[in-house]
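Here are the chains, one letter per residue:
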Amino acid sequence: MLILAGCAAEMPMRTPPTPAPEPVATSVQTAPAAQPTPIAVPEQRFVGTGPVAVLLPLSGAYAAPAAAVREGFLAQHFASGDGRELRIYDVDGDAARLLSAYQRALDDGAAFIVGPLMKESVARLAMMHPPVPVLGLNHLDAGVVVPKDFFQIGLSPEDEARAAADDAAARDLRNAVALVPEGDWGNRVLEAFERRVEQWGGRVVASARYRQGVSDQSERIAGLMGIAASRARHRALTNALGVRTEFEPRRRADIDYIFLGARATDARVLLPQFRFHRASGLPHYATSLVYDGRGDAELAGLRFCDMPFMLDVRGEFAVERRQASSASSVAAYPRLYALGRDAYVVAAALQDGSLRVGDSVDGASGTLEWADRSTISRRLRCAELRADGIGVDGGP
């Protein structure tokens, strides 16, 4: 049985907080079916037979991303033939609405909670120490006390940064320079990248941050590549000799590759500047922000790390991606659809007690690994952008 509780129409703007109304539920019957084959060696932790409550901001500013998650979650539910009961609650994104929906879910007998989606909402729910298991769809900040049976899955950009470092190390590339945008996202990505590079015995020899939307980043890139230092040495030599000499600036010699945190629009501006500053011939890596599912002649040769749902060009994921994209929310947020799909798989396995620490699952958003007490992490593959698509190692 599927219950849609308190779902509202999408609204383009966030409205001022108001007291949360009592959810109005409608139901759609689904035929009970045999439980799916467990995906790991059974370990009985908390087997619950009550409904699964899904908390998503289905109205307000995050309605479209949340709708993509919901579509993926429901698609996997129906594909599994699973007869468990689902109840979907709109939490809007407001703290009062979240609390109201959470309490209503418990009153309705929820045995497992999936969600919320936004980082701050996940943190609020963790502070409530829910009495039933939770699979949050985002990650808590490092150092936050995680309640018992509170699990986390999400589309962390840190996963992509670590995957880039892994892929580079597998190609015997150790030392990198990194350029990331200003702000929290760039800081998180850079920190994750630096740590993984160091784990492989390499180092980030230089890093810088750029302001998004600003075209000319020559000064920062020249500094990263050592061109500014080369020019300074030439000026010092000229002053010492008192004569002009012919000079061709050289980049620093200890760079094996370049890591770039950028949207496709920024990358198209930044890559030519890197080439101008003697970066030609060096491998370039980026996160999935550069890839929208199509090839790009201006970014051809750029390697990026992404989920199977996006990298599959001919298989089952490719077919499902095209079919699911008929919904506008999925077309705009295909990766969140994949997250919803995987959230169902993980939640069902956790609720059934068939997933344990150390197990892994081949999911749409990556190879999912129950890495520690609370975190479901992702391992990703890398691909190379081409003018007509992408090239994936071991694929077409």
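Focus on the packing of helix α2 (residues 95–107) against helix α3 (residues 119–127)
- At a minimum axis separation of 11 Å, α2 and α3 run at an interaxial angle of 50 degrees. For the element pair α2 / α3, the angle class is oblique. When you trace α2 past α3, the crossing you get is right-handed. Across the interface between the two elements, Ala95, Leu98 and Tyr102 from α2 touch Ser121, Arg124 and Leu125 from α3.

Description of the pattern of salt bridges
- Summed over all chains, the structure comprises 28 salt bridges.
- Glutamate 71 is the partner of arginine 70 in a salt bridge, and the nearest nitrogen-oxygen pair spans 3.4 Å.
- In this structure, glutamate 85 and arginine 87 form a salt bridge, with 2.8 Å as the shortest nitrogen-oxygen distance.
- Given a relative accessible area of 22%, glutamate 85 falls into the partly exposed group.
- Look at arginine 87 and you get buried, because its relative accessible area is 18%.
- Through salt bridges with shared partners, a single ionic network connects Glu85, Arg87, Arg104 and Asp108.

A closer look at the sheet that holds strand β10 (residues 257–260)
- Ordered in space as β9-β8-β10-β11-β12-β16-β17, the seven strands form an open sheet in which the pairing is mixed. Unpaired on one side and paired on the other, β9 (204–210) and β17 (389–392) mark the two borders of the sheet. Here the strands of the sheet are splayed against their neighbours by 30 degrees on average, with no regard to which way each runs.
- Across the sheet, helix α6 (residues 218–225) is in contact with β8 (176–181), β9 and β10; its angle to β9 comes to roughly 175 degrees.
- The sheet strands contacting helix α8 (residues 264–279) are β8, β9, β10 and β11 (284–286), and the helix crosses β10 at an angle near 155 degrees.

A word on unusual backbone geometry
- Cis rather than trans, the peptide bond between glycine 115 and proline 116 has omega equal to 0 degrees.
- Residue position: proline 116 is located in the loop between β5 (112–114) and α3.
- Positive phi outside glycine occurs at histidine 129, with the angle close to 50 degrees.
- With respect to the secondary-structure elements, histidine 129 resides in the loop between α3 and β6 (134–136).

Remarks on the pairing of strand β12 (residues 303–306)
- Because side chains alternate across β12, one face comprises the buried residues Arg303 and Cys305, and the other comprises Phe304 and Asp306, equally buried.
- With two bridges connecting them, β11 and β12 associate as parallel partners. Bridging across to β12, tyrosine 285 finds its partner in arginine 303.
- Bridge count for β12 against strand β16 (residues 381–386) is four bridges, and the pairing is antiparallel. Bridge pairing in β16 places aspartate 306 opposite arginine 381.

Brief notes about the nonpolar core
- Within the largest apolar cluster, 63 residues are counted, with the highest numbers of intra-cluster contacts made by Leu179, Phe193, Met225, Tyr257, Phe259 and Phe274.
- Examining the composition of this core, we find that six residues originate from one element, α8, more than from any other.
- Setting aside residues up to four positions removed in sequence, leucine 179 forms contacts with Ala208, Arg209, Tyr210, Ile221, Leu224, Phe259, Leu260, Gly261, Leu270 and Phe274.
- Residues Ile88, Met118, Ala343 and Ala349 belong to the second largest nonpolar core, which totals 33 residues.

The rules we used
Per-chain numbering applies: the sequence of each chain, read as written, is numbered from 1 onward. Only residues with pLDDT of at least 70 are given local features in this predicted model, and only at 80 or more are side-chain atom pairs given and counted; all residues enter the totals for whole chains, interfaces and linings. Processing note: side-chain calculations cover all non-hydrogen atoms of the structure and skip hydrogens and water entirely. Lines fitted to the C-alpha atoms define the axes, with helices restricted to the stretch that makes contact. Angles between their N-to-C directions range from 0 to 180 degrees. What counts as a helix is a DSSP run of H or I of at least four residues, what counts as a strand is a run of E of at least two, and both are numbered from the N terminus. Working definition: roughly parallel below 35 degrees, roughly antiparallel above 145 degrees, roughly perpendicular at 65 to 115 degrees, and oblique for all remaining angles. Whether a crossing is left-handed or right-handed is set by the direction in which the near helix is turned from the far one by less than a right angle, anticlockwise for left-handed and clockwise for right-handed. By definition in these notes, contact holds between two residues if any of their heavy atoms fall within 4.5 Å. Salt bridges are defined as contacts in which a side-chain nitrogen from Lys or Arg sits within 4 Å of a carboxyl oxygen from Asp or Glu. Each residue's exposure class comes from its accessible area (1.4 Å probe, protein chains only) as a fraction of the maximum for that residue type: buried when under 20%, exposed when over 50%, partly exposed otherwise. Following DSSP output, two strands are said to pair if at least two bridges run between them. The term nonpolar core refers to a set of buried residues drawn from Ala, Val, Leu, Ile, Met, Phe, Trp, Tyr and Cys, joined through side-chain atoms within 4.5 Å.

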